[in-house]
Amino acid sequence: DSTSNTVEDTIYTYAVAIKKVDQDGYDLPGATFQLPFYVKKTADTEDNAYIYAFDTLPATFPEGDSADNYTNSLTTPDNGLIIIKGVKDGTYSFEETDPPKGYNKLAAPVQVKAEKTGHTTTSTTTFFDKDGNKVDEQQEDGFEVLVSIDELSAGAAVAVNKTGTELPSTGGIGKS
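Remember, it's a predicted structure, so these values are computed and weren't measured experimentally.

Colleague: Honestly, the pattern of salt bridges in this entry has me stumped. Any pointers?
Modeller: Where charged atoms from two side chains of opposite charge approach closely, those side chains can pair. Inspection of every chain in the model, using the stated rule, returns five salt bridges. In this structure, Asp44 engages Lys85 in a salt bridge whose closest nitrogen and oxygen atoms are separated by 2.7 Å. In this pair, Asp44 sits in the loop between strand E2 (32-40) and strand E3 (50-54) while Lys85 sits in strand E5 (residues 81-87), placing the two residues 41 residues apart along the sequence. A relative accessible area of 17% places Lys85 in the buried class.

Next comes the structure, spelled out in C-alpha cells:
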C-alpha cells in the first residue's frame, strides 16, 4: 500500500497605495516618488495598479525583456493615487524626489504599510488640521481625505504637499 500526504500552502499577496493631496485635501498630480523596489513601467489595465517586479534589477533579462521595462520612480496621475500590487508584507518608505510645481518637497519619506490584497473596495479616511498635519479626528477648521480603491484592497498613506516657494541657497561666491 502506498500513502499520500497532501500539503497545502496559502500564499498571500499584498498591495500599497499612496494618495497625494494639497493642503486643502484636493488630488495632486505631478509628485514623483522614489520606490524602494522596481515595478513594471506600465500599470495593469484591469485595476490601474503597478506590479512589483524586483527588489533590485537583475544583471541579465530573458530575451525580449530589458531594464527599460521597469522603474523605481513613479509620478502621481491626475487623481493623485499610485497603487502597487504584488509587494511583500511590510512597511515601505516612499521618498518624494520631485514635488509638483509650486509645492514644497516633503521633509521626510512617506511610510506605507502593505495590506493583503483581495477583490474588495478599501476605504481609508485620514484627518488633517488646518496646517495639513495628520490628526486623530475631524477638526472644525481642518479637512479629511477619503481614499477609496475599488476591486483591490491596498494599504493607503496620504501625503500632503503645501504650497510655497523654496528660499534661494546662500553662501555662494560674491563679487568684490
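That shown, we press on.
Colleague: Would you take a moment to explain the packing of aromatic side chains for this structure?
Modeller: Two measures describe an aromatic ring pair: the distance that separates the ring centres and the angle between the ring planes. Counting across every chain of the model gives six aromatic pairs. The interplanar angle of 90 degrees and the centroid separation of 6.3 Å between the aromatic rings of Phe37 and Phe94 together place this pair among those described as edge-to-face. Of this pair, Phe37 sits in strand E2 while Phe94 sits in strand E6 (residues 91-98), placing them 57 residues apart in sequence. The class of Phe37 is buried, set by a relative accessible area of 1%. On the numbers, 4.9 Å between centres and 70 degrees between planes, the contact of Phe54 with Tyr70 is edge-to-face. Taken together, the positions of Phe54 in strand E3 and Tyr70 in strand E4 (residues 70-75) put the pair 16 residues apart, joining distant regions of the chain. For Tyr70, a relative accessible area of 11% puts it in the buried group. Here the aromatic cluster, defined as three or more aromatic residues joined through ring pairs, consists of Phe37, Tyr52, Tyr92 and Phe94.

Colleague: What is the right way to look at the nonpolar core in this model?
Modeller: For soluble globular proteins, the rule of thumb is that nonpolar side chains tend to be buried together. Within the largest apolar cluster, 21 residues are counted, with the highest numbers of intra-cluster contacts made by Val16, Phe33, Phe37, Ile84, Val87 and Phe94. Only strand E1 (14-22), E2, E3, E5, E6 and strand E7 (110-113) provide two or more residues apiece to this core. If one sorts the elements of this core by residue count, E2 sits on top with four residues. Excluding residues within four positions of it along the chain, Val87 makes contact with Thr13, Tyr14, Ala15, Val16, Phe37, Tyr52, Tyr92 and Ala114. One finds Phe128, Phe143, Val158 and Val160 within the second-largest nonpolar core, a separate group that totals five residues.

The rules behind each value
Residues numbered from 1 in each chain as written. Predicted model: local features only at pLDDT ≥ 70, side-chain atom pairs only at ≥ 80, totals over all residues. Heavy atoms only, no water. Salt bridge = Lys/Arg side-chain N within 4 Å of Asp/Glu carboxyl O. Helix = DSSP H or I, 4+ residues; strand = E, 2+ residues; numbered from the N terminus. Buried < 20%, exposed > 50% of the residue type's maximum accessible area, 1.4 Å probe, protein only. Phe/Tyr/Trp six-rings, centres within 6.5 Å; stacked < 30°, edge-to-face > 60°. Core = buried A, V, L, I, M, F, W, Y, C linked by side-chain atoms within 4.5 Å. Contact = heavy atoms within 4.5 Å.

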